[in-house]
Amino acid sequence: MYTIAENIAVIRGKIHEAAKKAGRNPKEILLCAATKMNDAENVRQAIAAGVDCCGENRVQELTQKLGENAYEGAPVHFIGHLQTNKVKQVVGKVDLIQSVDSLRLLEAIQKEAAKQGICQHILLEINIAAEKSKSGFSVSEVWELVPHISQFPNVKVLGLMAIPPICQNPGENDKFFQEMYKLSVDITAKKYDNIEASVLSMGMSDDYESAIMSGSTMIRVGTAIFGARDYSK
Ligand SMILES: *Cc1c(COP(=O)(O)O)cnc(C)c1O
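The paragraphs below set out a description of the structure included in this document. (Residues numbered from 1 in each chain as written. Predicted model: local features only at pLDDT ≥ 70, side-chain atom pairs only at ≥ 80, totals over all residues. Heavy atoms only, no water.)

Any two side chains of opposite charge can pair, so long as their charged atoms come close to each other. Here the structure, examined in full by the defined rule, presents 7 salt bridges. Of the charged contacts in the structure, one is a salt bridge between Glu61 and Lys65, with a shortest N-O distance of 2.7 Å. Within this pair, Glu61 and its partner Lys65 are both found in helix α3 (residues 59-67), separated by 4 residues, close to a single helical turn. Comparing Glu61 with Lys65 shows no difference in burial state: the two are buried. Through salt bridges with shared partners, one network takes in Glu56, Glu61 and Lys65. (Salt bridge = Lys/Arg side-chain N within 4 Å of Asp/Glu carboxyl O. Helix = DSSP H or I, 4+ residues; strand = E, 2+ residues; numbered from the N terminus. Buried < 20%, exposed > 50% of the residue type's maximum accessible area, 1.4 Å probe, protein only.)

Rendered as structure tokens:
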């Protein structure tokens with residue numbers, strides 16, 4: 001058994017190597033700890049060991065850990081599927097909502113952010129492998145949306161996020177990572193108001209090195225930091 005700090009040191013080393021191989025600056029790649037099913041104490045250990053941010057999946061866990069000041073010292077992101085009836089509990093409470101996966105949710109976030117008088121930073125989640133089981137914008141939907149993004153003055157799109165299929169073999173998701181990178185570059189090139197596609201959130205415990213090779217700027221890592229999650233509880 002390794003400690004959380006030891007695991008993070010190993011991951012930092014691998015980020016460094018992958019970045020170097022790709023001719024990139026390792027500082028461009030942020031490490032987001034996917035903290036689902038981990039308690040406040042584990043979250044604090046990860047922050048003390050220098051993760052760049054924490055990502056929470058479920059509103060209930062987010063609310064509980066916010067109440068425990070678990071994220072003190074690091075930005076907190078929402079990375080799970082967000083139901084429109086729960087936006088109030090997330091908007092204004094997190095630094096970034098990474099998982100904006102539908103127009104309906106975007107509208108709900110805009111409405112709540114306007115009500116609070118804030119600008120909520122978000123990422124658009126892309127269903128890059130067009131999986132039926134997953135939410136997210138398709139590539140054509142996102143191209144329809146981005147020219148009109150200034151209609152959402154209380155949100156700012158900082159980039160894109162994707163959760164490609166669970167991969168059985170290394171390299172399997174490379175084509176999806178590369179498509180995401182291209183999409184991100186192409187959207188940025190258009191210089192739309194209110195959109196800055198500089199963040200590209202992709203890569204998890206099993207595939208973050210390939211994601212970095214393909215241009216990821218933020219990896220979301222759970223298992224490799226905290227160990228396997230116990231779903232029996
Ligand atoms: C759980 C989760 C991760 C991290 O997954 P691991 O395989 O444990 O690293 C990343 N992104 C999202 C959206 C998640 O829900």
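Now, onward.
On to the site of the ligand, then. The immediate surroundings of the ligand are formed by Ala34, Lys36, Asn57, Ile79, Ile163, Met204, Ser205, Arg220, Val221, Gly222, Thr223 and Arg229. Thr223 has a polar side-chain atom sitting 2.5 Å from an oxygen atom of the ligand. About the coverage of the ligand: the protein hides 90% of its 390 Å² of free accessible area. Of the residues belonging to the shell around the ligand, the class tally is 5 nonpolar, 4 polar and 3 charged. (Near = heavy atom within 4 Å. Polar contact = N/O pair within 3.5 Å; in protein donor to acceptor, adjacent residues only side chain to side chain. Areas by Shrake-Rupley, 256 points an atom, 1.4 Å probe, with all protein chains shown as cover. Nonpolar A, V, L, I, M, F, W, Y, C, P; charged D, E, K, R; others polar.)

What follows covers the environment of Ile11. By the element assignment, Ile11 lies in helix α1 (residues 4-21). Sequence separation between Ile11 and Ser205 is 194 residues, and the spatial gap between their C-alpha atoms is 9.2 Å. Beyond its immediate chain neighbours, meaning those up to four positions away, Ile11 contacts Leu31, Tyr208, Ile219, Val221, Ala224 and Ile225. (Contact = heavy atoms within 4.5 Å.)

Residue Met37 is not a glycine yet carries a positive backbone phi of 65°. Relative to the assigned elements, Met37 resides in the loop between β1 (30-34) and α2 (40-48). For Asn69, which is not a glycine, the phi torsion comes out positive at approximately 55°. Take Asn69: it is sitting in the loop between α3 and β3 (76-78).

A word on α1. The first and last C-alpha atoms of α1 sit 26 Å apart over 18 residues, in line with the 26 Å expected at 1.5 Å per residue. Burial in α1 covers these residues: Ile4, Asn7, Ile8, Ile11, Ile15, Ala18 and Ala19. One side of α1 holds all its buried residues, which, seen down the axis, span an arc of 105°. Of the exposed residues in α1, the ones pointing more than 90 degrees away from its buried face are Ala9, Glu17, Lys20 and Lys21. (Expected span 1.5 Å × (residues − 1). Arc of directions from axis to C-beta.)

Another aspect to go through is the side chain of Gln98. When you line up the elements, Gln98 lands in strand β4 (residues 96-100). There is a polar contact of 3.0 Å between the side chain of Gln98 and the side chain of His77. Not counting chain neighbours up to four residues away, the residues in contact with Gln98 comprise Cys32, His77, Phe78, Ile79, Leu123, Leu124, Glu125, Met161, Ser201, Met218 and Arg220.

Right, let's talk about the pairing of strand β2 (residues 53-56) for a bit. Burial along β2 is two-sided: the face carrying Cys53 and Gly55 and the face carrying Cys54 and Glu56 are both buried. Where β1 lies against β2, 3 bridges are found, and the strand directions are parallel. Looking at the pairing, Ala33 lines up with Cys54 of β2. Each parallel crossover has a hand, and for β1 linked through α2 to β2 it is right-handed. Taken together, the 3 bridges between β2 and β3 define a ladder with parallel strand orientation. Its bridge partner lying in β3, Cys54 is registered against Val76. This β-α-β element, β2 to α3 to β3, shows right-handed connectivity. (Pairing = 2+ DSSP bridges. Right-handed = clockwise from strand over helix to strand, strands pointing away.)

Turning our eyes to something else, we now look at helix α4 (residues 103-116). Helical geometry: 3.6 residues make up each α-helical turn, so side chains three or four residues apart lie on a common side. Look at α4: 20 Å from first C-alpha to last across 14 residues, which is about the 20 Å you get at 1.5 Å a residue. Three or more residues of α4 are buried, namely Leu105, Leu106, Ala108, Ile109, Gln110, Glu112 and Ala113. Buried-residue contacts for α4 involve β4, β5 (120-126), α5 (139-145) and β6 (155-162).

Moving residue by residue along a regular strand, the side chains alternate between the two faces of the sheet. With 5 of its 7 residues buried, strand β7 (residues 195-201) lies for the most part within the structure. Judged from the 4 bridges that link them, β6 and β7 form a sheet pairing that is parallel. When the sheet's bridge partners are listed, Leu160 is paired in β7 with Leu200.

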